[in-house]
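In case you want the letters, here they are:
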Amino acid sequence: MDRHLTADFAEACFLVDLSPVVRRRDIGEPGLRSLRRLALVVDAAVELARDPDAKLFLVADRSLRAGAREEFNDPADVRVLRDWVRRGLVEELEDADGRVLELCEMTGIPVITYDYYRDARVEFPFLQGNTDDFLQPTPGPDGTVRLMPLDMGVASDAQISRKSEETVLKKQGLLGPQRKPRSEVVRRNWRCPDARCTLYDTRKGSSVMLPRMRGGVPTCDLHSLELVDDGPRTATAQVKLMLDGACVARFTLEDGSTVRIGRRPGPNGIALHGLVPAERAARISRVHVELRVTGGVVRVEDVSSYGTRWRPTAGKTGPGPWRDLGTGARREFRGGDELELTEGVVLARSGRRFPTELAQEWQRRTPPSGGGSGAVTRMY
Ligand SMILES: [Zn+2]
């Protein structure tokens, strides 16, 4: 199972709220706590992601290991957990919920959980009415587990106003341990004072980690040193390439950039010829659409000979009807919008607000060989 766990959420397909999974008694074996349940969830995640190497990032409350150890069916589970925590494969915190929601909000990586987080609706408004970001393990046939989308529902005004009041009290330090707002942290670049460190530095790696807050200070996870502010983080927008509903690639676009996407759009463009099957690539223009990113807003222009269709999907009633974009027309390409270049080949705006991949990193990637008809990985 270890090979499906990761200490780096940048490579994770799913976040796991571990404590409720280990304690959930309708999956796996009977008993109060069992890691066998996690194994079933890993199988389900691999299946859903259609990726035999899918990785999960686990977050757990300290209380999972501390105390009540006799509740584990297998005493060896406690040792396995201790080993995972030591190796960073389980992030162990006082408050796992806050960390899970923070990571989900910042990265858009879906969460495997049983919790509706009703007490966190004010701090994390994206929970309200959310049907995309949360998955619940449910019993499947023959002792297997399936991951079903969890409808988070909308908490009532009364519930929210009560929570708002608590939040105000909390901000004034009148309520329990304070969780500081962190947007001022994630909108900056950070650098570790250790010159060899590549975790956060935008000039050294192909992706950057979000800083860990320790005692209210952004701190290097590896060196435990206070990070140095390295200026504002460039705004980015992320576009996903979907093939028959599965995401085959993500492209992080830098603010101020103009990017041409098509079969073979030339230097600095996003070439689809190796990414989609040849017979469909043939129906995509050499330069099909042009995306322009300004101040976080993405505009799309159809420059194709074959035409492009557009639809919104974020509405309350599900995806809207496909409409022709119109050659030469330019329109805003918002979160939830989809552009269909040819049948089953769709560009979608990613929900990730702070992608870990650096802007324009795809320009440095080696294009895949072959016709793109091989294994398709769903990337959430
Ligand atoms: Zn460091």
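Just so you know, these numbers come straight off a predicted model, no measurement behind them. (Residues numbered from 1 in each chain as written. Predicted model: local features only at pLDDT ≥ 70, side-chain atom pairs only at ≥ 80, totals over all residues. Heavy atoms only, no water.)

J.: How would you sum up the sheet that holds strand β18 (residues 323–324)? Please name residues and give values.
T.: An order of β12-β11-β21-β20-β17-β18 is seen for the six strands of this open sheet, with the pairing classed as antiparallel. Strands with a single pairing partner mark the edges of an open sheet, and in this sheet they are β12 (246–254) and β18. Alignment of strand β20 (residues 337–342) against strand β21 (residues 345–349), held across four bridges, turns out to be antiparallel. Pairing of E338 across the sheet is with A348, part of β21. (Pairing = 2+ DSSP bridges. Helix = DSSP H or I, 4+ residues; strand = E, 2+ residues; numbered from the N terminus.)

J.: Outline helix α4 (residues 96–107), listing residues and values.
T.: Relative to the 16 Å expected for twelve residues at 1.5 Å per residue, α4 spans 16 Å between its end C-alpha atoms, a close match to the ideal helical length. Across the twelve residues of α4, ten count as buried, placing the element largely inside the fold. Those residues of α4 not exposed but buried are A96, G98, R99, V100, L101, E102, L103, C104, M106 and T107. For α4, the side-chain oxygen to backbone nitrogen distance between the N-cap and D97 is 3.2 Å, and the N-cap itself is D95. Downstream of α4 by a residue or two, G108 has a phi angle that is positive, lying close to 75°. (Expected span 1.5 Å × (residues − 1). Buried < 20%, exposed > 50% of the residue type's maximum accessible area, 1.4 Å probe, protein only. Polar contact = N/O pair within 3.5 Å; in protein donor to acceptor, adjacent residues only side chain to side chain.)

J.: An account of the pairing of strand β2 (residues 56–61) is needed here, citing residue identities and associated values.
T.: Walk down a regular strand and you will see the side chains alternate between the two sheet faces. Buried residues dominate β2, accounting for six of its six residues. Where burial is concerned, the two faces of β2 agree: the one with L56, L58 and A60 and the one with F57, V59 and D61 are both buried. Pairing analysis gives four bridges linking strand β1 (residues 14–17) to β2, with the strands arranged parallel. Looking at β2, one finds that F14 is bridged to L56.

J.: Could you give an account of the coordination of the zinc ion, naming the residues involved and the relevant values?
T.: Looking at the zinc ion, one finds its protein donor set to be C192 (SG), C197 (SG), C220 (SG) and H223 (ND1), positioned 2.1 to 2.4 Å from the metal centre. Coordination at the zinc ion is tetrahedral: its four donor atoms span angles of 107 to 113° at the metal. By relative accessible area, C220 is classed as buried at 0%. Classification of H223 by relative accessible area gives partly exposed; the value is 27%. (Donors = N, O, S within 2.8 Å, 3.2 Å for Na, K, Ca; no water. Tetrahedral: all angles 85-135°; square planar, octahedral: opposite > 155°, others 65-115°.)

J.: Residue-level account of the nonpolar core, with values.
T.: Grouped together as the largest cluster of nonpolar side chains are 33 residues, with contacts concentrated most on L18, L58, W84 and I112. Looking at this core, the elements that each hand over two or more residues are β1, α1 (18–23), α2 (36–49), β2, α3 (76–86) and β6 (145–149). Once residues within four sequence positions are removed from consideration, I112 is found in contact with F14, L15, V16, D17, V21, V41, A45, L56, L135, P137 and L147. Counting residues in hydrophobic clusters, the runner-up holds 27 residues, among them V289, L291, V298 and V300. (Core = buried A, V, L, I, M, F, W, Y, C linked by side-chain atoms within 4.5 Å. Contact = heavy atoms within 4.5 Å.)

J.: How would you sum up α2? Please name residues and give values.
T.: Taking 1.5 Å as the rise per residue, α2 with 14 residues should run 20 Å; its terminal C-alpha atoms sit 20 Å apart, in good agreement. With ten of its 14 residues buried, α2 lies for the most part within the structure. Looking only at α2, the buried set comprises R37, L38, A39, L40, V41, V42, A44, A45, V46 and A49. Downstream of α2 by a residue or two, R50 has a phi angle that is positive, lying close to 50°.

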